[in-house]
Structures are given as C-alpha cells and as structure tokens.
Amino acid sequence: MFQRLVDLLILQPSTNPIDAENRRRVGIPLGTGEIETWVTCSDQTYNSNPVIKSHTTPAVGTNTRSSIDRIAIKFPGTGGRAERSGPHPFEIDADRKTEVWTVNPPGYGGSSGSATIVSTAATCEAVWEYLTTHYADVPIAVEGNSLGCAAALYLAARKDVAGIYLRNPVALQQMISTRWKYNWWNFGLARVLTRWIPDELDTIENAKRCRCPLLLVRSERDRVSPARYQQLIFGAFRGEKSEFVIEGADHHDRVSDRQRDEYVRSIKNWLAKIERR
C-alpha cells in the first residue's frame, strides 16, 4: 500500500498515442516485457508531420563509431514522454553526430508494466546493457530532466558515463521529507513514505559517486525543485562541474533570447570536456 502511495505522489504516467514524427522506436527487453525508447539524431529536425517511422530494432554492430560519434540516454520528467523528446543539447555540436535514446519508463507510452519508482534501477540497467552491447565502441552520455535526473545520476554513479547533463534535478527524498507542501495536508505521512523510495535513487548520494563532467541547468525561481535542493546535488557532485542559471525562470520555462548565447557557450564547454575523456 505504501509503495502505491509513493508512486501516486511522484509519478504522472500516460499511455495515450503521441505522434513521434521522425523518431525511431526501439524496444529494449526487460523481463518478459520491454522498455520503449525513441531515438533521435543531433542532425535531425522535427515538425508536425511524420517524415519516417521505423519500428525495427538495430542488429548488433549496426552502428559503430564510424557512423555515430556519441550516444546519449535521456530520461524525461515525471509527466514527460519520449515521443516528444528532441536531441537537445547535442544538436549544438555540429561536428559530432549523437544519437539520443529517450526512455519511456514502465507504464509510460508503449513500455510494458506499471508505473512504479522501484522499476527505475532495472530500467536503467536494461537500457545501459542493451546500448553497450550494440554500440560497444561508442561513448555514452546521460541526461535527465526533473525527476529523470534521478535515473541519469543512478547510471553516472555506477557506469563509465562520458558526461551528464541535468535540467532542474530533484532531490526526491530530501524534498518530500522537508517541504511543507508535501506534508501539511497528510499530517507528515509524506515524510514516512520516503522510506519506500529506493536508496539507489538518492540523487545526493549518487552525485557523490560521479566522476564525469556535469552541466547542471537550473531555473532561478523553480517552484517544483527549489534552488536549495538543486544546490545540494551540485555541491555533492565529485566530478568536474559547471552550472547555468536561467534567470527569472520557473521549472518549465525556456532560456530567454537574452541568455541564449551564454547558454550555448556553457553547452559547448561541457561537450568539450566530454571529448577530452
């Protein structure tokens, strides 16, 4: 019962059909089911009309370093869907071809199973194993948005990740246990429920284990994941790190035109650090 309450508190799954435009669907085995991923390339563009849809899984060795330079595993936020995901921030690097594999967790989109926070680690492991098997000689970066940062940090703490890009990461246990908004209406039950969040998803503890280059992009006035919690993650991170603050922005706000050039420079600097590894 408590685990179900945790999932209801945190997750916002959806399974409605979404036009994936020219993204490529690849199903990755997990137990008796599969994890749905949608693949984009850094040199692709997207519009409202489908260009091509391929629902085939590439054979082992189909793509190597000669055809792509880098792979990124992307994890959307709690209500996000892989069908909408683009190649950002890797489209900024015109000299490197990057395939971005965005994950629909169990219970989202066409992935098997039910949406539950405890499936995160197994999902990460399955995607990592699949990609390192099929693309053995290609460096892999990870990126996350909001709740998806917990999955990205899980991998970065345990695997040979080339780099990590985080957008408004969530310190899940710390936020739920200390923020008034989660506890006032349930007499502190939310604080108790954090015991059912797997320890391996503690973003602060995982940050302490990371050694790859980090770019953390933070909204200055984030009301979902306030700055003090994001700073806990950034401060704990042990690898080379940099931070970009989107001035005056809330959780879902975009980078303003005024900051665009500075933002692009931050990404290019981070990408250069990945290339040096």
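Rules and cut-offs
- Residues numbered from 1 in each chain as written.
- Predicted model: local features only at pLDDT ≥ 70, side-chain atom pairs only at ≥ 80, totals over all residues.
- Heavy atoms only, no water.
- Helix = DSSP H or I, 4+ residues; strand = E, 2+ residues; numbered from the N terminus.
- Contact = heavy atoms within 4.5 Å.
- Areas by Shrake-Rupley, 256 points an atom, 1.4 Å probe, with all protein chains shown as cover.
- Core = buried A, V, L, I, M, F, W, Y, C linked by side-chain atoms within 4.5 Å.
- Buried < 20%, exposed > 50% of the residue type's maximum accessible area, 1.4 Å probe, protein only.
- pLDDT = per-residue confidence, 0-100.
- Axes fitted to C-alpha atoms, helices over the stretch in contact; angles between N-to-C directions.
- Parallel < 35°, antiparallel > 145°, perpendicular 65-115°, else oblique.
- Left-handed = near helix turned anticlockwise from the far one by under 90°.
- Nonpolar A, V, L, I, M, F, W, Y, C, P; charged D, E, K, R; others polar.
- Phe/Tyr/Trp six-rings, centres within 6.5 Å; stacked < 30°, edge-to-face > 60°.
- Lys NZ or Arg CZ within 6 Å of the ring centre and 35° of its normal.
- Salt bridge = Lys/Arg side-chain N within 4 Å of Asp/Glu carboxyl O.
- Pairing = 2+ DSSP bridges.

A short note on the overall build of the protein chain
When helices and strands are tallied, the protein chain shows nine helices and eight strands. Contacts in the protein chain between residues at least 24 apart in sequence constitute 76% of all its contacts with a sequence separation of at least 6. Split by element, the accessible area of the protein chain, about 12,700 Å² in all, is 50% carbon and sulfur.

Some thoughts on the nonpolar core
With 57 residues, the main nonpolar core has Ile73, Leu131 and Ile164 as its most contacted residues. Looking at this core element by element, the count peaks at eight residues for helix α3 (residues 148-158). Other than its neighbours up to four places away in sequence, Ile73 contacts Trp101, Val103, Val127, Trp128, Leu131, Ile140, Ala141, Val142, Glu143 and Leu155. Ranked by size, the runner-up nonpolar core spans 18 residues in total, among them Ala72, Val100, Ala249 and Ile274.

Here we look at the environment of Glu262
With respect to the secondary-structure elements, Glu262 resides in helix α9 (residues 260-276). Taking the C-alpha atoms as reference, Glu262 lies 8.7 Å from Phe244; in sequence the two are 18 residues apart.

Regarding the confidence of the model for the protein chain
Per-chain confidence: the protein chain averages 88 in pLDDT, with 85% of residues scoring 70 or above. For residues 47-58, every residue scores under 50 in pLDDT, and the model assigns this stretch 29 contacts once sequence neighbours within four places are set aside. Note on residues 60-66: pLDDT under 50 across the span, and twelve contacts to partners over four residues away in sequence or across chains.

Quick notes on the packing of helix α2 (residues 120-134) against α3
Axis separation between α2 and α3 bottoms out at 10 Å; the angle between their running directions is 60 degrees. Regarding the angle of α2 to α3, the classification is oblique. Judged by the sense of rotation from one axis to the other, the crossing of α2 with α3 is right-handed. On α3, the residues that touch Thr120, Ala121, Cys124, Glu125 and Trp128 of α2 are Ala151, Tyr154 and Leu155. Taken together, the residues of the contact of α2 with α3 break down into six nonpolar, one polar and one charged.

Some points on unusual backbone geometry
The omega torsion of the bond from His88 to Pro89 falls at 10 degrees, within 30 degrees of zero and hence cis. On the secondary structure map, Pro89 appears in the loop between β3 (70-75) and β4 (98-104). The backbone of Glu21 sits at a positive phi, close to 50 degrees, despite the residue not being glycine. You can see Glu21 is positioned in the loop between α1 (2-10) and β1 (24-30). Although it is not a glycine, Asn168 adopts a positive phi angle of roughly 50 degrees. Looking at the secondary structure, you find Asn168 in the loop between β6 (164-167) and α4 (172-178).

Quick notes on the packing of aromatic side chains
For the coordinates displayed, the defined rule picks out five aromatic pairs. Aromatic pair Tyr165 and Trp270: ring centres 5.9 Å apart, planes at 55 degrees, arrangement tilted. On the criterion of sequence distance, the pair formed by Tyr165 in strand β6 and Trp270 in helix α9 is long-range, its members being 105 residues apart. In this pair, the class of Tyr165 matches that of Trp270, namely buried. An aromatic cluster of at least three residues, connected via ring pairs, comprises Phe90, Tyr165 and Trp270. The lysine or arginine in question, Lys241, covers the ring of Phe234, its NZ or CZ lying 5.0 Å from the ring centre.

Re the pattern of salt bridges
On inspection of all chains with the given rule, the structure shows 15 salt bridges. In this structure, Glu247 and Arg258 form a salt bridge, with 2.8 Å as the shortest nitrogen-oxygen distance. A residue pair is termed long-range when its members are at least 10 positions apart, and Glu247 in the loop between β8 (241-246) and α9 and Arg258 in the loop between β8 and α9 qualify at eleven residues. With relative accessibility at 43%, the residue Glu247 sits in the partly exposed group.

Some points on the sheet that holds strand β7 (residues 214-219)
Read from one edge of the open sheet, eight strands run β1-β2-β4-β3-β5-β6-β7-β8, paired in mixed fashion. Across the chains shown, the open sheet's two edge strands, defined by having one partner strand only, are β1 and β8. With direction set aside, neighbouring strand axes in the sheet form an average angle of 20 degrees. Pairing analysis gives five bridges linking β3 to β4, with the strands arranged parallel. The partner of Lys74 across the bridge, within β4, is Thr102. In this fold α2 packs onto β1, β2 (33-41), β3, β4 and β5 (140-145), with an angle of close to 115 degrees to the strand it touches most, β1.

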